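# Examination of the molecular architecture
One letter stands for each residue in the lines below.
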Amino acid sequence: MMDCKKALSETGGDIIKAIEFLRTKGLASAEKKASRTTAEGRIGSYIHDSRIGILIEVNCETDFVSRGEIFKELVDDLAMQQLREETGAGMMDCKKALAETGGDLEKAQDYLRKKGLSSADKKSSRLAAEGRIGSYIHDSRIGVLIEVNCETDFVGRDLAMQVVACPQVQFVSTEDVPKSIVEKEKELEMQREDLQSKPENIREKIVDGRISKRLGELALLEQPFIKDDKLLVKDLVKQTVASLGENIKVRRFVRFTLGEDTD
């Protein structure tokens, strides 16, 4: 508490700068967040044909608004909204198209085009990439959508669970970490008090090692697999590639934490 109080005092009450102050002093873990979330509500997901995924957060005073039929209607409304945006057709036409095609968005688009109810300039084709979108919702408070490109469903849900279990993970691989973050990490590490008395060449080696470790903490592929901590996620992917005889690429993911500020 006293360290935090001093950090805020030294940085004029700026929380971000205070975190950096504590990190340079070796008093804060890099993955800790400055605030806790307090919003009530639920996080839900909807995946259509393993190719279109929606992750949605509904905030409220209680969680009942997203249960059962109420939440199902919300998902249906989102699907209908997406169909309207894709085709430019009216709400009632979209509703009828979805009913006629059993909720299949692609078939509904084709239905509208055949009926002349879709704007000519709208595209009706889906993404050409093979693969699947998977999701995992933990306790209605943390949700993940993840895209894995391949010919099979691989372990999409397991990888989504992996992202939920590793809140510090922000990127798929270390190569995806922006240069600006790497430079910021190096700047912070170089200022650490425990390195100031060491020769510059030694400091550089220590900092490089710490940065490598930190980048590994931010990357999904570098995490120990939640179902076998002796296996890294990247090795799990390699094993599956060897087993299936096809290339597999974890392309992207998105994570929602209930009440988290997205600014």
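Just so it is clear, the structure is predicted and the values come from calculations on it, not from any experiment.

The next point concerns the overall build of the protein. Across its full length, the protein holds nine helices and seven strands. Burial analysis of the protein (263 residues in total) assigns 36% to the buried set. The contacts of the protein with a sequence gap of at least 6 include a subset with a gap of at least 24, amounting to 55%.

We now examine the sheet that holds strand β4 (residues 142–149). The pairing of strands in a sheet comes from backbone hydrogen bonds and takes either a parallel or an antiparallel form. Taken in spatial order, the three strands make up an open sheet running β3-β4-β7, and their pairing is antiparallel. The open sheet has two edge strands with one neighbour each: β3 (132–138) and β7 (249–257). Within this sheet the neighbouring strands show an average axis-to-axis angle of 15 degrees, counted without direction. Two elements, β3 and β4, share seven bridges in a ladder whose sense is antiparallel. The residue bridging I137 from the neighbouring strand is G143, located in β4. Packing of helix α6 (residues 156–165) onto the sheet brings it into contact with β3, β4 and β7, and relative to β4 it is tilted by some 135 degrees.

So, on to the pattern of salt bridges. Throughout the structure, instances matching the rule amount to 12 salt bridges. Across the pair R214 and E185 runs a salt bridge whose closest N-O atoms are separated by 3.7 Å. One end of the pair, R214, is in helix α8 (residues 200–218); the other, E185, is in helix α7 (residues 179–190), with 29 residues separating them in the sequence. Owing to a relative accessible area of 10%, R214 belongs among the buried residues under this scheme. A cluster of three or more residues bridged by salt bridges with shared partners is formed by R23, E185, R214 and E217.

This brings us to the environment of L55. Its place among the elements puts L55 in strand β2 (residues 52–60). Look at L55 and you get buried, because its relative accessible area is 12%. Aside from chain neighbours lying at most four places away, what touches L55 is I43, G44, S45, I137, G143, V144, L145, V254, R255 and F256.

A few words on the packing of helix α1 (residues 2–10) against helix α2 (residues 15–24). For the pair α1 and α2, the least separation of the axes is 8 Å and the interaxial angle reads 120 degrees. With respect to their mutual orientation, α1 and α2 come out oblique. Between α1 and α2 lies a crossing of right-handed hand. Facing D3, C4, A7, L8 and E10 of α1, the residues of α2 in contact are I15, A18, F21 and L22. Residues of the contact of α1 with α2, tallied by class, amount to seven nonpolar, no polar and two charged.

A separate point is the nonpolar core. By size, the foremost hydrophobic cluster in this structure holds 20 residues, and its most contacted members are I146, V148, L159, L220, L221, V250 and F253. Only β4, α6, α9 (233–244) and β7 provide two or more residues apiece to this core. With five residues, the single largest contributor to this core is α6. Grouped together as the second largest cluster of nonpolar side chains are eight residues, V177, M190, I211 and L215 included.

Before going further, it helps to examine the side chain of T24. For T24, the position within the fold is in helix α2. A polar side-chain atom of T24 sits 2.7 Å from the main-chain carbonyl oxygen of F21. Ignoring any residue separated from it by four or fewer positions in sequence, one finds T24 in contact with L188, Q191, R192 and E193.

Turning next to α7. Across its 12 residues, α7 extends 16 Å between first and last C-alpha, which sits within 8% of the 16 Å expected from 1.5 Å per residue. Along α7, the residues that are buried comprise E185, L188, E189 and M190. Considering only its buried residues, α7 is in contact with α2 and α8.

Cut-offs and rules
- Residues numbered from 1 in each chain as written.
- Predicted model: local features only at pLDDT ≥ 70, side-chain atom pairs only at ≥ 80, totals over all residues.
- Heavy atoms only, no water.
- Helix = DSSP H or I, 4+ residues; strand = E, 2+ residues; numbered from the N terminus.
- Buried < 20%, exposed > 50% of the residue type's maximum accessible area, 1.4 Å probe, protein only.
- Contact = heavy atoms within 4.5 Å.
- Pairing = 2+ DSSP bridges.
- Axes fitted to C-alpha atoms, helices over the stretch in contact; angles between N-to-C directions.
- Salt bridge = Lys/Arg side-chain N within 4 Å of Asp/Glu carboxyl O.
- Parallel < 35°, antiparallel > 145°, perpendicular 65-115°, else oblique.
- Left-handed = near helix turned anticlockwise from the far one by under 90°.
- Nonpolar A, V, L, I, M, F, W, Y, C, P; charged D, E, K, R; others polar.
- Core = buried A, V, L, I, M, F, W, Y, C linked by side-chain atoms within 4.5 Å.
- Polar contact = N/O pair within 3.5 Å; in protein donor to acceptor, adjacent residues only side chain to side chain.
- Expected span 1.5 Å × (residues − 1).

The values reported here are purely geometric and, on their own, carry no functional implication.
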